[in-house]
Amino acid sequence: MDTLTRTPADQARRLVGHRYRLADHYEVGREKIREFARALQDSHPAHRSELAAAELGFDAVIAPATFATLPWMRVQEEVLRTQLYDYDLGQVLQSDQLLEFARPLVAGDVLTADVYFQSFRQVRDLDLLTTKNVLTDRHGVPVQSGTTTLVARAGGVGSDLAELVDGIIMSGLGTADRKGRYADSTGTLLPISGDAIAVTPLGRRPRTACTAGDLAPGDQLPTRPVRLTRGDLANFAGVTGDANPIHFSDAVAAAAGLPAVVAHGMLTMGLGAGYLTDWLGDPAALTKYGVRFAGTLPVGTEAPSSVEFGGTVKSVDHRQRTATIALTAIGNGRKLFSRATAVVALR
């Protein structure tokens, strides 16, 4: 362990410019795809049926667009356990997420996960660390990437909150556990060299319900309401392995300054992706999807919370047969996304 490190910010700052690879591969499972689709309330048959996937040109069931959250959660867990162990998990959130797709993930994919630490800065009392995660398939082809900004309170948290988190967080992920296991965990992330690999769409012909000629700037997508309960949050946490206690503990949420337990950012982002692919009729039509989160969605114990998704066509490229969609998500009357856009391929 680096005894010269004095603050969590020092740990984050020293990572900039470094690159690591998860030592073990990630294998995409058929049943895990089905579990993830259920957690996102995504009913497209290609996430469950090989026949439906074959109609879209794939030989195995297709994962929802944000399925890469699962291998990236493994990378993030190892980073927090071996490199950023002084940060409190209850205070780490995502502010931005940009996903780029060469193709969707499918059952049977064997993936290598790399993480590139791009920048670190401090804004008032916040530490912001930006990383780029790249997934490469067994043939060495980069298939998806995700650029993420993680936000944490500078200087850590008070001892009362830290003790509260450590008392209820999943076994092995408490602060003392992470520090104690640091020496045994360094082999899980392997240093690598080279710049981040670009992800380029592979040129598949989409099977979307609409064509580029059907759309014009300013067109409105039909809105779609989604309800979320504490059970939905618990299910998503279990499927993804997200152990952050602000998603299940009212005491930790209150101590962190939140009005109640809040929905995962990647849950609301995943629901937004499902809203888009449901409208498109083709879950493989997304080529880029980015969200800047504006706020959290509290979910109480007595009644479900609601999110209404909507969208507007910002532009259409008839030569490339793509469209850019501006997405909105209103949760309990408040904006959840300050900015959200998606580039979709059209037939």
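What you see is a predicted model; the values in this text were computed from it and never measured. (Residues numbered from 1 in each chain as written. Predicted model: local features only at pLDDT ≥ 70, side-chain atom pairs only at ≥ 80, totals over all residues. Heavy atoms only, no water.)

### Some words on the nonpolar core
- Residues Phe-67, Leu-276, Tyr-289 and Phe-337 are the most contacted members of the largest nonpolar core, which totals 89 residues.
- Here the element with the most residues in this core is helix 10 (residues 265–280); it accounts for 9 residues.
- Ignoring any residue separated from it by four or fewer positions in sequence, one finds Leu-276 in contact with Leu-221, Leu-286, Tyr-289, Ile-325, Leu-327 and Ala-342.
- Ranked by size, the runner-up nonpolar core spans 8 residues in total, among them Leu-161, Ile-169, Leu-258 and Val-262. (Core = buried A, V, L, I, M, F, W, Y, C linked by side-chain atoms within 4.5 Å. Buried < 20%, exposed > 50% of the residue type's maximum accessible area, 1.4 Å probe, protein only. Helix = DSSP H or I, 4+ residues; strand = E, 2+ residues; numbered from the N terminus. Contact = heavy atoms within 4.5 Å.)

### Remarks on the packing of aromatic side chains
- Throughout the structure, instances matching the rule amount to 5 aromatic pairs.
- Site record: aromatic cluster; members linked through ring pairs are Phe-36, Phe-67 and Phe-236. (Phe/Tyr/Trp six-rings, centres within 6.5 Å; stacked < 30°, edge-to-face > 60°.)

### What about the packing of helix 2 (residues 30–39) against helix 8 (residues 230–240)?
- Contact geometry for helix 2 and helix 8: axes closest at 9 Å, N-to-C directions at 155 degrees. Considering the angle they form, helix 2 stands roughly antiparallel to helix 8. Relative to helix 8, the crossing made by helix 2 is left-handed. From helix 2, Lys-32, Glu-35, Phe-36, Arg-38 and Ala-39 reach across to helix 8, where they touch Asn-235, Phe-236, Val-239 and Thr-240.
- Of the residues contributing to the contact of helix 2 with helix 8, the split by class is 4 nonpolar, 2 polar and 3 charged. (Axes fitted to C-alpha atoms, helices over the stretch in contact; angles between N-to-C directions. Parallel < 35°, antiparallel > 145°, perpendicular 65-115°, else oblique. Left-handed = near helix turned anticlockwise from the far one by under 90°. Nonpolar A, V, L, I, M, F, W, Y, C, P; charged D, E, K, R; others polar.)

### Topic: unusual backbone geometry
- Although it is not a glycine, Gln-41 sits at a positive phi angle of roughly 55 degrees.
- Structurally, the position occupied by Gln-41 is in the loop between helix 2 and helix 3 (50–55).
- Overall, the relative accessible area of 31% leaves Gln-41 in the partly exposed class.

### Here's the deal with the UniProt feature "domain: MaoC-like" (unreviewed entry) in the protein
- Under the feature "domain: MaoC-like" (unreviewed entry), the UniProt entry names residues 218–318.
- Helix and strand shares over residues 218–318 are 33% and 30% respectively, and the end C-alpha atoms of the span are 15 Å apart. (UniProt positions renumbered as here; feature names shortened; annotations may be inferred.)

### So, helix 1 (residues 8–15)
- Listed in full, the buried residues belonging to helix 1 are Pro-8, Ala-9, Gln-11, Ala-12 and Leu-15. Each buried residue of helix 1 lies within a common arc of 160 degrees when the element is viewed along its axis, so the set occupies one face.
- Residues of helix 1 that are buried in the fold lie against strand 1 (19–22), strand 4 (110–123) and strand 5 (126–136).
- A positive phi of about 90 degrees marks Gly-17, the residue just after helix 1. (Arc of directions from axis to C-beta.)

### Notes on a positive patch on the surface
- Residues Arg-205, Arg-207, Arg-321 and Arg-347 make up a contiguous surface patch of positive charge.
- Here Arg-347 lies in the segment after strand 13 (337–345). (Patch = residues over 30% accessible without salt bridge, like charges linked within 9 Å, V, L, I, M, F, W, Y side chains within 5 Å. Areas by Shrake-Rupley, 256 points an atom, 1.4 Å probe, with all protein chains shown as cover. Salt bridge = Lys/Arg side-chain N within 4 Å of Asp/Glu carboxyl O. Lys, Arg positive; Asp, Glu negative; His and termini not counted. Charge placed at Lys NZ, Arg CZ, Asp CG, Glu CD.)

### Describing the pattern of salt bridges
- Evaluation of the coordinates by the stated rule reveals 15 salt bridges.
- Among the salt bridges present, the one from Arg-21 reaches Asp-114, with a minimum N-O distance of 2.6 Å. Of this pair, Arg-21 sits in strand 1 while Asp-114 sits in strand 4, and the two are 93 residues apart along the sequence.
- Several salt bridges share partner residues, and in doing so they unite Arg-30, Glu-31, Arg-34 and Glu-50 into one network.

### Overview of the environment of Ala-39
- Tracing the backbone through its elements, the reader meets Ala-39 in helix 2.
- Along the backbone, Ala-39 and Val-239 are 200 residues apart, and their C-alpha atoms lie at a distance of 7.5 Å.
- If we ignore the near neighbours within four places in the chain, the residues touching Ala-39 are Asn-235, Phe-236, Val-239 and Leu-267.

### So, the pairing of strand 5
- Buried residues dominate strand 5, accounting for 10 of its 11 residues.
- Here strand 4 runs beside strand 5; their pairing, made up of 11 bridges, is antiparallel. Residue pairing in the sheet places Tyr-116 in a bridge with Lys-132 of strand 5.
- Once strand 4 ends, the chain turns through 2 residues before running back antiparallel as strand 5, passing Arg-124 with a positive phi of about 55 degrees.
- Looking at chain direction, strand 5 and strand 6 (residues 142–153) are connected through 11 bridges and run antiparallel. Residue pairing in the sheet places Asp-127 in a bridge with Ala-152 of strand 6.
- Between strand 5 and strand 6, which pair antiparallel one after the other, the connecting turn spans 5 residues, and Gly-140 there sits at a positive phi close to 85 degrees. (Pairing = 2+ DSSP bridges.)

### Looking at the environment of Leu-40
- The topology assignment puts Leu-40 in the loop between helix 2 and helix 3.
- Considered as a pair, Leu-40 and Asn-332 are 292 residues apart in the sequence and their alpha carbons are 18 Å apart.
- When neighbours within four sequence positions are excluded, Leu-40 is seen to be in contact with Pro-64, Thr-66, Phe-236, Leu-267, Gly-270 and Leu-271.

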